[in-house]
Every structure is written in C-alpha cells, then in structure tokens.
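The residues making up each chain are set out below.
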Amino acid sequence: MAEIHPWLGAAVIAVCACAAFLGGLRYWRGRGAGTVTTHLLSLAQTLLVAQVAIGLLLLADDRRAADELHYAYGAMALGVALVPWFYAPERGARRLLWFTGTTAVAGALAIRAYMTGAG
C-alpha cells in the first residue's frame, strides 16, 4: 500500500491539472462543462479522496511522512476540492468556474503535499 501512495499522488496532480485546464478553457469559450470535463473533475475529487484514505491507512500502520506539513497540505487539498458542493451555484457557468478553480487550487496543494512527503 505504501508503494501506491506516491503514484496516486502523481495521478492526482496530473488529473487536477488536466481538469482545471479543460474546465477553464470551456468556461472561457462560454460552453458548458460537457461530459469529459465533468468526468475529469469528478475523477480529480475521487482520486483526492482515495489518496487521503490511503494516507490515513498508512498513518494507522505507524508510517509517517518526514514533514508534518505533508498532512496539512493533503487535508487542505481535499477540503478545497469539496468546497463547491456546499457553496457553488446550482447551475450555469459559475458552477463550472467554482469546480474548475477549486480543482486548480487542490492540484497546487497536492503538489506541495507531494514535495513535502518526498523529502
């Protein structure tokens, strides 16, 4: 299980970057989210939840990261990714913008978590 944690972290970063880019592009062009963007945004959230769950399982097994900030960045990334479910508008382009923006921030925080966990 410890071997998959860094690989899943890299996948989280890649999917968050792709989803944020594609969502931002579709918002800028004035189009709706579309199925690919919707699935990428959902995949980013799912991977973040999986990454945090595996991290908690590793913590339960007394495996700790070298830097305590690793946990803070991971928790903040998950929290940021889940914020739109509570505060985003029900419909429209602003909803897409909320999910796209928070996915971009979650990806940036995931990069910080990845870097602090590697050292």
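Structure: above.
Residues numbered from 1 in each chain as written. Predicted model: local features only at pLDDT ≥ 70, side-chain atom pairs only at ≥ 80, totals over all residues. Heavy atoms only, no water.

Peer 1: Just checking my understanding: could you explain the packing of helix α2 (residues 34-60) against helix α3 (residues 69-82) for this structure?
Peer 2: To describe two helices that pack against each other, one gives the angle between their axes and the distance between the axes. Where α2 contacts α3, the axes come no closer than 10 Å and their chain directions differ by 150°. In terms of orientation, α2 and α3 fall into the roughly antiparallel class. Every pair of crossing elements has a handedness; the one defined by α2 and α3 is left-handed. When α2 is examined against α3, the residues Gln-45, Leu-48, Val-49, Val-52 and Leu-59 are found in contact with a partner set consisting of Tyr-71, Gly-74, Ala-77, Leu-78 and Ala-81. Along the lines of polarity and charge, the residues of the contact of α2 with α3 split into eight nonpolar, two polar and no charged. (Axes fitted to C-alpha atoms, helices over the stretch in contact; angles between N-to-C directions. Helix = DSSP H or I, 4+ residues; strand = E, 2+ residues; numbered from the N terminus. Parallel < 35°, antiparallel > 145°, perpendicular 65-115°, else oblique. Left-handed = near helix turned anticlockwise from the far one by under 90°. Contact = heavy atoms within 4.5 Å. Nonpolar A, V, L, I, M, F, W, Y, C, P; charged D, E, K, R; others polar.)

Peer 1: What is the right way to read α2 from this model?
Peer 2: An α-helical segment advances 3.6 residues per turn. Residues three or four places apart therefore align on the same side. Taking 1.5 Å of rise per residue, the 27 residues of α2 would be expected to cover 39 Å, and the 39 Å separating its terminal C-alpha atoms lies within 8% of that figure. All of the buried residues in α2 are Thr-37, Leu-41, Ala-44, Gln-45, Leu-47, Leu-48, Gln-51, Ile-54, Gly-55 and Leu-58. Looking one or two residues beyond α2, the residue adopting positive phi is Asp-62, at roughly 60°. (Expected span 1.5 Å × (residues − 1). Buried < 20%, exposed > 50% of the residue type's maximum accessible area, 1.4 Å probe, protein only.)

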